[in-house]
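What follows is each chain in one-letter form.
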Amino acid sequence: MEIKRSWFLLLLMGLSIGGWGQWNNNLNQNTRISGGAMHSYAYGAVVGDDGTILVVWAESVGNASIMYAQRYRADGTVAFGKKEIFRFTFSDCQREGFSGMRLLKATGTDDVFAIYTLPTSIVTQGGKTTFLQYQIISFSDGSPKIPNTGNENRGLILGYNYDTNAPGIAFDANFIRDGGNKVVVTWSQKNNPSDPNRGGGGSPVTLTDLRIAILDASNRTAPTAYYIESDGGDQANPRVYAQGERIFMSFIDRTSTVAVRKYQYLLNGTAVTKLWSGGNAQYLGSLPDPQNLGVQPSFDDSNPICVYTASGSGAGKVLKAHRFNPATGAVVGSTVDIGTADQIGGAKMVGTGGQFSLNVAFINSKNNRQIVRRYMGSTATCAVTPITL
């Protein structure tokens, strides 16, 4: 999952310049959080039940990439100032650091999950390594909760990729709706037969695992459940939606086919298991250059739901809805175009974390402006609305 600077700035719009005053209503003004040339590609913010905001970001300082936190009260004043959470120290001749992050705060608790990637020059099995890791942070004071194990408080490793150029890790993470503040994480990870930590069974060039981890803030030594979805080909760009005991993971199979799988996780258990006949993936159609956006929220298996994609290139890119039966995985009807060819670029789907809504929203570019549109299934529930000037 690529974290874009624009999303972070949108979270902080409306704050006063100078950084340490109160909020104001001028959307042209922002609060400065960090220093100048920080080389940061990992940042995020979460809002507490009382309206306070915890901001987390990374900066390159000397020969270290450092993750910091700072919290603001609801009135815009500083609750606690810039504070180091954890770091990664590298050699002087390297330039490494945190490159992507997802922050998730459990409602009614002090726990904030920070899930992030870390590209490094560490050589594993002959290739440079990118790690997927997570730490649990205190919302009240920014301190790390997973104990330090000699790794500068970086928490626990979920997985890693390695190759000559240290390829990145595409991941997605969300709370399990009705899941007691548990988090489901899914990612794609290259396989390798010579490395038991990678699952074995194939060439790192042609095979890619999809993996699922269940995180529980009360378990600070390992994921509560862990599942490896091996395959004979390339599986990429996973997105996840989970509700109750159901987990849906959409992905792109072999570069062009839209696919979805269903799993079960018993909320007090330690295992993830496959559902549907034979545990097979269901294929929803092949597209040119598809981008997987995610799975429509649902409360149960009684009605068809959609996997959403964006396909094509340049001004010809189109948003699409692929309907399927969540009970069986069977395709329902034909793929529906829900967004016309209007320079859709960098599309992002939001809304799957909402507790009571079945609507999703898509944010993308159109005529060099950011727009938002909402859908329930393949039906629009609002007009296309510009959100930038």
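Residues numbered from 1 in each chain as written. Predicted model: local features only at pLDDT ≥ 70, side-chain atom pairs only at ≥ 80, totals over all residues. Heavy atoms only, no water.

A.B. asks: Lay out the packing of aromatic side chains with the relevant residues and their values.
C.D. replies: Tallied over the entire structure, the rule returns 14 aromatic pairs. Between Phe86 and Tyr116 the ring centres are 5.1 Å apart and the planes differ by 25°, which places this aromatic pair in the stacked class. Remark: Tyr116 occurs in strand S6 (residues 111-124) and Phe86 occurs in strand S4 (residues 78-89); sequence separation between them is 30 residues. Taking 5.5 Å as the distance between ring centres and 65° as the angle between the ring planes, the aromatic pair formed by Tyr227 and Tyr263 counts as edge-to-face. Taken as a pair, Tyr227 in strand S12 (residues 225-229) and Tyr263 in strand S15 (residues 257-265) lie far apart in primary sequence, 36 residues in all. Aromatic rings pair up to connect Phe86, Phe98 and Tyr116 into one cluster. Here the basic side chain of Lys82 rests over the ring of Tyr68, its NZ or CZ set 4.4 Å away from the ring centre. Taking the ring centre of Phe139 as reference, the NZ or CZ of Lys105 above it sits at 5.2 Å. (Phe/Tyr/Trp six-rings, centres within 6.5 Å; stacked < 30°, edge-to-face > 60°. Helix = DSSP H or I, 4+ residues; strand = E, 2+ residues; numbered from the N terminus. Lys NZ or Arg CZ within 6 Å of the ring centre and 35° of its normal.)

A.B. asks: How would you explain the confidence of the model for the protein chain if you had to name every residue and give the values?
C.D. replies: Reading fine detail from the predicted coordinates is not recommended where pLDDT is low. When pLDDT is averaged along the protein chain, the result is 82; 78% of the residues meet or exceed 70. Within the model, the stretch residues 1-21 combines pLDDT values under 50 with 56 contacts to residues more than four positions away or in other chains. (pLDDT = per-residue confidence, 0-100. Contact = heavy atoms within 4.5 Å.)

A.B. asks: Report on the side chain of Ser250, specifying residues and quantitative values.
C.D. replies: Structurally, Ser250 is set in strand S14 (residues 246-253). Not counting residues within four places of it along the chain, the set of residues in contact with Ser250 comprises Asn237, Pro238, Arg239, Ala259, Val260, Asn292, Gly294, Val295 and Val307.

A.B. asks: So what's going on with the sheet that holds strand S9 (residues 171-175)? Residues and values would help.
C.D. replies: Taken in spatial order, the four strands line up as S9-S10-S11-S12 in an open sheet, and their pairing is antiparallel. The sheet is open, and its two borders are formed by S9 and S12, each paired with just one other strand. With direction set aside, neighbouring strand axes in the sheet form an average angle of 15°. Where strand S10 (residues 183-190) meets strand S11 (residues 208-215), eight bridges bridge the pair, whose relative direction is antiparallel. In the strand pairing of S11, Thr186 is matched with Ile212. (Pairing = 2+ DSSP bridges. Axes fitted to C-alpha atoms, helices over the stretch in contact; angles between N-to-C directions.)

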